[in-house]
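So the chains spell out like this:
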Amino acid sequence: MTRRDEILKLIVEYFIRYAEPIGSKTLMTKYHLDVSSATIRNEMNALEKNGFIEKPHTSGGRVPTEKGYQYYVDNLRTGGVDETAKNALQTILSEKTKSVEEVMKESCEILSQMTNLASVVIGQSVDDECLASMQIIPISQTTATAIFVTSKGYVENKTFLINEGLQVEQVVKTVKLLNDRLVGTPLSKIVSKMEALRPALTDYMVGQELIYQALMGAFAKLATERMEFYGQEELYKQPEFANDAQKLRELLNFLDDPEEFKRVLNSGQDKGGVTVSIGSKEDGYENLALVSTNIHVPGEKGTLTVLGPARMDYDKVVATLKYFAEALDEYFSSPKKGESECSKRNSKKQ
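Residues numbered from 1 in each chain as written. Predicted model: local features only at pLDDT ≥ 70, side-chain atom pairs only at ≥ 80, totals over all residues. Heavy atoms only, no water.

S.K.: Account for the environment of Gln246, with residues named and values stated.
M.R.: The topology assignment puts Gln246 in helix α12 (residues 245-255). Taking relative accessible area as the criterion, Gln246 reaches 41% and is therefore assigned partly exposed. Polar contacts involving the side chain of Gln246 include one to the side chain of Arg249, which spans 2.8 Å. (Helix = DSSP H or I, 4+ residues; strand = E, 2+ residues; numbered from the N terminus. Buried < 20%, exposed > 50% of the residue type's maximum accessible area, 1.4 Å probe, protein only. Polar contact = N/O pair within 3.5 Å; in protein donor to acceptor, adjacent residues only side chain to side chain.)

What follows is the structure, encoded as structure tokens:
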């Protein structure tokens, strides 16, 4: 590692830890560098000229740029996975009675806790998925729940109110009609087909616009690529968002826009199975970064992503994410082997 690389590495890691700019004198004294402050300043000037660091204020130290973070990710990372994270995940995977959904939920919660960031699971595209069934379950004389199941086992439900003038039996009859007309329809076309069926539903749904809208809302949700967020509260604690209302608003808007999330994610660079997407001033997300990798769960492929500030600890996040993805892939593809690995780890501890 060259001296310039070492200085950039220290600047990035200082900013990751303290969220504050650092100057040449602080670098020299804090990290006991065996060169003068003037030499460090010259190296910092060169790094700034080449776009790796920048000065956020008229006076003071420097902070990494998007280019600086990217260079750090590509060339300067050295860390591994914390043993606490490994043990926490293996505890989850050792419990064989858990459902796929429980394993994913608890694993993502641990991932968020270990990185102090949010984790996101994105399911595969719904282009080749169809509606498999739809049924209505009366809860009371005034409420009912509609349950939808897709060809890949995804379940969505919607509870709605029933006006006193309409019998539950009429709603059930409506759902039967929808089943006859909609089962087998690709999810990407189900909303438009539902709209085309609206005139035919008039006889059953007079005065029941709320029911129609509830069903349409459920169908619209089925037709979108599914995203599950975990540990968002960890993200809100980060200084960038906890202390800056504007940055927090930008974050919340980003989380509410799945299409924009995917666009930023797809703009990243693949680093040996892990994609790193660092926001820039141009795209309006200079305070955000996403680190993601593909995962395979029973029945489908998906993406596991860690979302955080551009200042995130890439050293820790990349290593931890890769470990979690590989462990989950092994668990879902070969449960017995996963159980054997857990037994080996437990015997070593004893």
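S.K.: Kindly report on the environment of Phe219, identifying the contributing residues and their values.
M.R.: The residue Phe219 is located in helix α9 (residues 209-222) in this model. For the pair Phe219 and Met194, spaced 25 residues apart in the sequence, the C-alpha separation amounts to 8.6 Å.

S.K.: Kindly report on the pattern of salt bridges, identifying the contributing residues and their values.
M.R.: In the structure shown here, the tally under the stated rule is 11 salt bridges. Residues Arg4 and Glu43 are paired through a salt bridge, measuring 2.7 Å at the closest nitrogen-oxygen approach. Here Arg4, found in helix α1 (residues 3-18), pairs with Glu43, found in helix α3 (residues 37-49); they are 39 residues apart in sequence, far enough to count as distant. Residue classification places Arg4 among the partly exposed positions, given a relative accessible area of 34%. Since its relative accessible area comes to 9%, Glu43 is described here as buried. Lys86 is paired through a salt bridge with Glu83; the nearest N and O atoms lie 3.4 Å apart. Taken as a pair, Lys86 and Glu83 lie in helix α5 (residues 83-93) at a separation of three residues, close to a single helical turn. Judged by its relative accessible area of 24%, Lys86 falls in the partly exposed class. Judged by relative accessible area, Glu83 falls into the partly exposed class, the value being 46%. (Salt bridge = Lys/Arg side-chain N within 4 Å of Asp/Glu carboxyl O.)

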